[in-house]
Amino acid sequence: MQTSDILLTDQVAIVTGGGGGIGRSIALAMATFGADVVIGDIVPERTEEVAERVRELGRRALPVPMDVMDPEQIRGMIAKADETFGRVDILVNNAGGVSFKPLLQMSDNSFRRHLEINLVSAFVAVKAAAPIMIRGGRGGSIINISSIEGERAAPNVGAYAAGKAGMINLTKTLALELSDHGIRVNAITPDHTVTPGNRGNRTGPVDPSKQRERAPNATEGMQAIIPLGRESHSDEVGSVAAFLASSLASYVTGVIMPVDGGTSAGSGWMRTQKGVWALHDKLAATPAERMQQ
């Protein structure tokens, strides 16, 4: 192992939903470690902003305004990447979407749309990018951004969770089917992550000055359910994606990697107001606490 094994020098990375939040951080992480980056995003201003940051890091950038709900636009973005750079080494399927509604109140069309944006879009992108990787003969890395909700029950976000669960199975199956070509396929499952979208900066270029802070009670809730006691920053997901794309992860494929501060390991354990871990909400008492009452 060498320190250079983390480098992605002269590789080409495609990031869907790369204009904001986790996708933006992944795109910049790829550029930081030497990759040229294709930024696909539905907000044109965001693709340009990230492309500018990538160029400031000394790498080439290709901003592509596009909508992953349209398979032809996905295929067009990947074809443009191949035409521009002559190769594709890394594909990050990050674009996704969620709405909050109980399943029985959701229309058939809305359920299908959740599957289209969170699962089908990844399938279409892989089907377009993998042949380019195979043609190059250098292998490749496909990274799917799923969610902790893909591995647990998710009331009120069931359609989103179904898509993300499908992405997890897609990841494992592709890892086997593409292994003969040296293409590694892994998934990252974030939980609560600070992004422009969940801080109110939903439109236009990313602007930290427009992002609101969490309410104090929300912060307290994070401290109760997340073992590390805070939300992750999108850069922390970006760094894991860079690792999975690099030679440091050359023997890692078919892996579902939580980047969630320990929430999935907690499996329902929460900190009480006294800082004690318990399988209750923070208002309930542990057996030790009840002994003191």
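Structural data are supplied above this passage.
Quick look at the structure, then.

Criteria and cut-off values
Residues numbered from 1 in each chain as written. Predicted model: local features only at pLDDT ≥ 70, side-chain atom pairs only at ≥ 80, totals over all residues. Heavy atoms only, no water. Axes fitted to C-alpha atoms, helices over the stretch in contact; angles between N-to-C directions. Helix = DSSP H or I, 4+ residues; strand = E, 2+ residues; numbered from the N terminus. Parallel < 35°, antiparallel > 145°, perpendicular 65-115°, else oblique. Left-handed = near helix turned anticlockwise from the far one by under 90°. Contact = heavy atoms within 4.5 Å. Pairing = 2+ DSSP bridges. Buried < 20%, exposed > 50% of the residue type's maximum accessible area, 1.4 Å probe, protein only.

**Focus: the packing of helix H1 (residues 21-32) against helix H7 (residues 234-245)**
In step 1: Two elements in contact, H1 and H7, have axes separated by 8 Å at closest approach and are oriented at 45°. Regarding the angle of H1 to H7, the classification is oblique. In this structure, the crossing between H1 and H7 has a hand that is right-handed. Listed contacts from H7 to Gly21, Ile22, Ser25, Ile26, Ala29 and Met30 of H1 are Ser234, Asp235, Val237, Gly238, Ala241, Ala242 and Ala245.

**Topic: the sheet that holds strand E6 (residues 183-190)**
In step 1: Strand order across the open sheet formed by seven strands is E3-E2-E1-E4-E5-E6-E9, with parallel pairing between neighbours. Strands at the two margins of the open sheet, each flanked by one partner only, are strand E3 (61-65) and strand E9 (256-259). In this sheet, adjacent strand axes meet at a mean angle of 15° when their direction is disregarded.
In step 2: Looking at chain direction, strand E2 (residues 36-41) and E3 are connected through five bridges and run parallel. Looking at E3, one finds that glycine 40 is bridged to valine 64.
In step 3: Sitting on the sheet, helix H4 (residues 108-136) touches strand E4 (90-93), strand E5 (140-145) and E6, and the angle it makes with E4 is about 180°.
In step 4: Where helix H5 (residues 158-177) meets the sheet, its contacts fall on E4, E5, E6 and E9, and the angle it forms with E6 comes to roughly 155°.

**Quick word on the environment of glycine 150**
In step 1: Note that glycine 150 resides in the loop between E5 and H5.
In step 2: The exposure class assigned to glycine 150 is buried, which follows from its relative accessible area of 15%.
In step 3: Remark: the alpha-carbon pair of glycine 150 and asparagine 169, spanning 19 residues in sequence, is separated by 9.8 Å.
In step 4: Ignoring any residue separated from it by four or fewer positions in sequence, one finds glycine 150 in contact with Ala161, Lys164, Ala165 and Ile168.

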